[in-house]
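Observations on the model geometry
Spelled out from the first residue to the last, the chains are:
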Amino acid sequence: MNTLIDVLMLNVLLWRFPTNNVQVLVIYNSIAYSSGAVSSFFLNKYWTFGRKQRTTGREVVRFAITLSLEIPYSNGLVWLAGKALQPLIANVTLWGNASKLVAVAVGAVISYTFMRFWTFASGSHDQPKK
């Protein structure tokens, strides 16, 4: 779902403000990635990992750190893919989407891993009382 929100937000930006500039595409990616990541945080916590406890400050801080690491990584992938695909794809929206999908394919695995094993990692103090 987070990837869908991410890609939809990118398409809204490309539709409303078309560009073939890689740096602008990277800015669009930052906005789109952040919106998708926020939805991912809640979906992963309450649905994917079945954590019913309230969101803790520790999780929010870890999420913010994770997001601050993932956005530059995603932007780097989008920038590389955008540069590589720009001579091959003339349509601005198609070029932006193709660049994004290359970044999403790699970034989704990394994002899931960070969420699963770091953001929502259970410490001894997180164990429910019996």
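These notes cover the structure that comes with them.

What counts, and where the lines are drawn
Residues numbered from 1 in each chain as written. Predicted model: local features only at pLDDT ≥ 70, side-chain atom pairs only at ≥ 80, totals over all residues. Heavy atoms only, no water. Helix = DSSP H or I, 4+ residues; strand = E, 2+ residues; numbered from the N terminus. Contact = heavy atoms within 4.5 Å. Patch = residues over 30% accessible without salt bridge, like charges linked within 9 Å, V, L, I, M, F, W, Y side chains within 5 Å. Areas by Shrake-Rupley, 256 points an atom, 1.4 Å probe, with all protein chains shown as cover. Salt bridge = Lys/Arg side-chain N within 4 Å of Asp/Glu carboxyl O. Buried < 20%, exposed > 50% of the residue type's maximum accessible area, 1.4 Å probe, protein only. Polar contact = N/O pair within 3.5 Å; in protein donor to acceptor, adjacent residues only side chain to side chain. Core = buried A, V, L, I, M, F, W, Y, C linked by side-chain atoms within 4.5 Å.

Of note, valine 104 is situated in helix 4 (residues 92-119). Placed 98 residues apart in sequence, valine 104 and aspartate 6 show a C-alpha to C-alpha distance of 9.1 Å. Discounting residues that sit within four places of it in the chain, valine 104 has contacts with Thr3 and Asp6.

Residues Val61, Ile65 and Leu69 make up a contiguous nonpolar surface patch of about 260 Å² in total accessible area. Tracing the backbone through its elements, the reader meets valine 61 in helix 3 (residues 57-85). Accessibility expressed as a relative area gives 49% for valine 61, which makes it partly exposed.

Here the focus is the side chain of serine 99. Within the secondary structure, serine 99 is located in helix 4. For serine 99, the side chain forms a polar contact with the main-chain nitrogen of glycine 82, separated by 3.4 Å. Every residue in contact with serine 99, bar those within four places of it in the chain, is listed here: Leu25, Val78, Ala81, Gly82 and Leu85.

So, about the environment of tryptophan 95. Along the chain, tryptophan 95 falls in helix 4. Tryptophan 95 gets classed as buried once you look at its relative accessible area, which sits at 1%. For the pair tryptophan 95 and asparagine 20, spaced 75 residues apart in the sequence, the C-alpha separation amounts to 8.1 Å. When sequence neighbours within four positions are dropped, the list of residues in contact with tryptophan 95 reads Thr19, Asn20, Asn21, Val22, Leu25, Gly82, Leu85, Gln86 and Ile89.

Our next topic: the nonpolar core. One finds Leu10, Leu14, Leu25, Tyr28, Leu85, Ile89 and Trp95 to be the most contacted residues of the largest nonpolar core, which totals 14 residues. At the level of elements, helix 1 (2-16), helix 2 (22-48), helix 3 and helix 4 are the ones that each hand at least two residues to this core. Residue contributions to this core peak at four residues, all from helix 2. Apart from residues lying up to four places away in sequence, leucine 10 is in contact with Leu25, Tyr28, Asn29, Ala32, Gly96, Asn97 and Lys100.

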